[in-house]
Amino acid sequence: MPTVLETHIQNRFRVQPNHANNNDTLHGGNLMKWLDEVGAMSAMRFAGETCVTARVNELDFERPIGIGDTALVEAFVYDVGRTSVHVGLRAWREEPRSGETERTTESSFTFVAIDEDGSTVPVPELRVDSERGRELRERMLDVEDGT
């Protein structure tokens, strides 16, 4: 049984002019793509299978990320179903010279594990064996509950 922390992934993306919208900030569609990619990596690490996006549960853009900034994306599995994997996602604007960060986005995506024929396959149980893993999981469950 994989743990929450074993599924934790962080990745960085440099925001270039070709990623920007008319306001010279990161286009929301590009950030969604990066969230989806990092989320899928976390889901596949957990399931040990190919995972495909089934649902974007919630996606809140809180503030923009500018050209020249770095988008820091974090993903971790916080809950599972029989064949589904629920991944918590957050993004930050990171100033590349100082490392200063500011949270910009919080989301959760649901992925489904599939085999090579595209049929759904069961996923393992999720184990929470650390205080940090419990904190991450509880935060996302609270978001789902609206608290």
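These numbers were taken from a predicted model, which means no experiment stands behind them.

Quick question: what am I supposed to make of the pattern of salt bridges here?
Any two side chains of opposite charge can pair, given that their charged atoms come close. Considering all chains together, one arrives at 17 salt bridges under this definition. A salt bridge links Arg63 to Glu62, with the nearest nitrogen and oxygen atoms 3.9 Å apart. Taking the relative accessible area as the measure of exposure, Arg63 reaches 35% and is therefore partly exposed. Where Arg137 meets Asp79, a salt bridge forms, and the shortest distance between an N and an O atom there is 3.4 Å.

Teacher, can you tell me more about the sheet that holds strand β2 (residues 50-61) here?
Strand pairs in the sheet, formed through backbone hydrogen bonds, run parallel or antiparallel to each other. With antiparallel pairing, five strands are arranged side by side in an open sheet as β1-β3-β4-β5-β2. Of all the strands in the sheet, the pair left with one neighbour each is β1 (9-14) and β2. The mean inter-strand angle of the sheet, taken between neighbouring strand axes irrespective of direction, is 25°. Sheet topology note: the strand β4 (residues 84-94)/strand β5 (residues 101-114) ladder contains 11 bridges and is antiparallel. Across the sheet, Trp92 pairs through a bridge with Arg103, a residue of β5. Helix α1 (residues 28-47) contacts β1, β2, β3 (70-80), β4 and β5 of the sheet and is inclined by roughly 40° relative to β3. Running over the sheet, helix α2 (residues 131-145) touches β2, β3, β4 and β5 and is turned about 85° from β3.

Here is what the cut-offs are and how they apply
- Residues numbered from 1 in each chain as written.
- Predicted model: local features only at pLDDT ≥ 70, side-chain atom pairs only at ≥ 80, totals over all residues.
- Heavy atoms only, no water.
- Salt bridge = Lys/Arg side-chain N within 4 Å of Asp/Glu carboxyl O.
- Buried < 20%, exposed > 50% of the residue type's maximum accessible area, 1.4 Å probe, protein only.
- Pairing = 2+ DSSP bridges.
- Helix = DSSP H or I, 4+ residues; strand = E, 2+ residues; numbered from the N terminus.
- Axes fitted to C-alpha atoms, helices over the stretch in contact; angles between N-to-C directions.
- Contact = heavy atoms within 4.5 Å.

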